[in-house]
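What follows is the residue order along each chain.
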Amino acid sequence: MNAEMMEALYALASERGISVDTLFSVLADAMESAYKKMPGAREYAWVVINPDTGEFRVMSQELDEDGEPEGEEFDVTPDNFGRIAAQAAKQVMGQRIREAERELKYEEYSGREGDIVTGIVQQSDARYALLDLGKAEALMPQSEQIAFDRPQPGQRVKAYIIEVRRSPKGPQIVVSRTHPGLIKRLFELEVPEIAD
């Protein structure tokens, strides 16, 4: 891996808020997957990446009759592996980075149930309203909205996080404007004595 590639990985890590170690792990998994699809690939193999130089190698071990690895590790990196690995890595990296971002968002909001957030209404209809919280979106069902006060797109609203759950598209954050906890938290924000 050349210096430009290493620089790009570090830039990607800081831009997306993902640790460099996670990116190296994802890259190694992607390269391992690419190697195993190659003809003549060894059954028990893994990719090792030097985080300082970016140099990578495919390592392997012999398997005994029980399928357990035994003996010395040895290098089985194919000659044309760089080009093939780059193509596979690009595909897998994109997918894994999205998964890592979704997990980071979930972790950020999962511990915040019972907190107040301010969001901008993106869309609103009879069934629900979508709020943009900056890094994530929140769903406010019609049952959690104030009667006869439908939020308008572009409007800033404060809402109470009642639930955060995992979904394939990222964290699903459910907020409310009618929950009794909202009033309590608003009083705590406005009147310091109540918070104490």
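What you see is a predicted model; the values in this text were computed from it and never measured.

(A) Focus on the overall build of the protein chain. Summing up its helical and strand segments, the protein chain has 5 helices and 8 strands in all. Shown N-terminal to C-terminal, the secondary structure of the protein chain runs as helices and strands in the order α-α-β-β-β-α-β-β-β-β-β-α-α. Its C-alpha radius of gyration of 24 Å places the protein chain more than 25% over the 16 Å reference for a compact globule of 196 residues. Overall, the protein chain is about 70 × 35 × 35 Å in size when its C-alpha atoms are taken along their principal axes. In the protein chain, which comprises 196 residues, the share counted as buried stands at 33%. Restricting to contacts in the protein chain with at least 6 residues of sequence separation, those with at least 24 account for 49%. Averaged over its 23 positive side-chain charges, the protein chain has a centre that lies 11 Å from the centre of its 36 negative ones.

(B) Region of the structure containing the pairing of strand β1 (residues 45-49). Burial runs high along β1: 4 of the 5 residues are buried. Looking at chain direction, β1 and strand β2 (residues 56-63) are connected through 5 bridges and run antiparallel. Bridge pairing links I49 to F56 in β2. Adjacent in sequence and paired antiparallel, β1 and β2 are bridged by 6 residues, among which G54 carries a positive phi angle near 80°.

The rules we used
Residues numbered from 1 in each chain as written. Predicted model: local features only at pLDDT ≥ 70, side-chain atom pairs only at ≥ 80, totals over all residues. Heavy atoms only, no water. Helix = DSSP H or I, 4+ residues; strand = E, 2+ residues; numbered from the N terminus. Rg over C-alpha atoms; globule rule 2.2 N^0.38 Å. Buried < 20%, exposed > 50% of the residue type's maximum accessible area, 1.4 Å probe, protein only. Contact = heavy atoms within 4.5 Å. Lys, Arg positive; Asp, Glu negative; His and termini not counted. Charge placed at Lys NZ, Arg CZ, Asp CG, Glu CD. Pairing = 2+ DSSP bridges.

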